[in-house]
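Each chain is listed here by its residues.
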Amino acid sequence: MDESLIASAFEKMGKQPRPIQLDYAKAVSESLENPGVVSLLHAETGVGKSLGYLIPATALLAQKPGSRLVIATQSHALLNQLSEKDVPDIRKVVQEMTGRTLSFSKLLGRSNYVDPHRVESAIFGRVINDAEQKLIDVLVGWSLTIPEFIEEYGELPLELTMGQICMLPTSKNADYDLRREGALNADIILTTHAMIAVDMVLAGAILHKEKPTYLIVDEADMLIALLKDLQVRRLNLQRVYNEISDAMTASQSKRLLGLMDAIRDETKQASVVWSENADELAEEVLFFLGMVSSKLDEVPETLKMIDHLRGEGELGLGVSTVREEPAVICVDTWASRRFAGYISGRSAGCILTSGTLSITQDPIKGMQWLRTELGIEYQGNLGIQAMFSPTDYGKLSL
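The sections below set out a description of the structure shown in this document. (Residues numbered from 1 in each chain as written. Predicted model: local features only at pLDDT ≥ 70, side-chain atom pairs only at ≥ 80, totals over all residues. Heavy atoms only, no water.)

**A word on the side chain of Ser-358**
Assignment of secondary structure puts Ser-358 in the loop between strand E9 (349–354) and helix H17 (363–366). Apart from the residues lying within four places of it in its own chain, the contact partners of Ser-358 are His-42, Pro-363, Gly-366, Met-367 and Met-387. (Helix = DSSP H or I, 4+ residues; strand = E, 2+ residues; numbered from the N terminus. Contact = heavy atoms within 4.5 Å.)

**Details of the layout of surface pockets**
Each pocket or cavity is described by its volume, and for the second largest pocket that value is around 190 Å³. When residues of the lining of the second largest pocket are traced back to their parent elements, those giving at least two are helix H16 (339–343) and helix H19 (376–379). Of the residues that constitute the lining of the second largest pocket, the class distribution is three nonpolar, four polar and two charged. (1 Å grid on protein atoms, 1.4 Å probe; cavity = no way out; pocket = protein on both sides within 12 Å on 5 of 7 lines; lining within 4 Å. Points joined across faces, edges and corners; volume = space filled by probe spheres on them. Nonpolar A, V, L, I, M, F, W, Y, C, P; charged D, E, K, R; others polar.)

**Things to note about the sheet that holds strand E3 (residues 104–106)**
Overall, parallel pairing links the seven strands, which are arranged E3-E4-E2-E5-E9-E1-E10 in an open sheet. Bordering the open sheet on either side are E3 and strand E10 (382–388), each of which pairs with just one other strand. Ignoring strand direction, the axes of neighbouring strands in this sheet form an average angle of 15 degrees. As judged from the five bridges shared by strand E1 (residues 38–43) and E9, these two strands associate in the parallel manner. Within E9, the residue paired with Leu-40 across the bridge is Leu-352. Each of strand E2 (68–73), E3 and strand E4 (188–192) touches helix H4 (residues 76–98); the most contacted strand, E4, lies at about 170 degrees to it. (Pairing = 2+ DSSP bridges. Axes fitted to C-alpha atoms, helices over the stretch in contact; angles between N-to-C directions.)

In structure tokens, the structure reads:
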């Protein structure tokens, strides 16, 4: 993109960009126009990172109808800053400059929203006064996120915790499903690292090949820790049974229950077991569930990971300590290093950016850890590597 257009966009927002911010924006523009590559842009405090990537990214989006922009953050604070101020401001400028109005939405996981049934279960049997009941009624009907409820009312009623009342992967909620579908159809999607990680495991509701998608991961130094959490994955079979029991035939239901009992016998109630027999039994369970899910009109989220469990890592079995629920377990020590392969072929261009991407002043050496842990060097899809450090932070006056 022409640098003068970027400068013009800043001016229309009433901003006076610093040279370092323009350099950063130009690097963003160049990075996003390289399909399937991952660029690493270290931008320290004072560069003006958010507007530095939003302006060139949205301008590029406006020029390419049918494409979309996904921005992922670690913190909800940054996500809210983008959704409440930066993105709305940018949309106005893009509409003025190009004539195109870009839609945008937040895409968050179920755990951010209230499950009314879990609220009722959490307060069952408790003595509640009128004021508390009014707040409970508001909570049950709350359609925004739980953090937004807390921001509005100060705290959850009756000292409830987010973990007690949030939706689970098995929670069925038509409003959430509609919200998620609408978010996926937006031109600009604001989401979290966690959603990107889940999408990587499930191969794709966000970055699918049918729709060109530009991906910007802000606070990207935090992404690796989250992806490493994927090294151990458990497929809880009791949860699976509860989700699909109504859709199974009597013989299928009996078979699954039999396999669950076989796991209890094999593990002798141990939380994790690795053995040749455990591997074979885990493969049998996954093959059976794959056959069942292929016949379902709607496949639950928990079953969408089956192919990935079978194709990646070492399989084992386990039983949960408290509820004694059987599970198939997959350990994938290379989980974080699959990120680059996930991007390749799915992204029209990807940028990882943060103020702490590089651990030295030399971006080649300082970002070695990132290239290694995310599999970028192995995949061979490294784009631009650059550091942006302001020399002038402006003046502070009281």
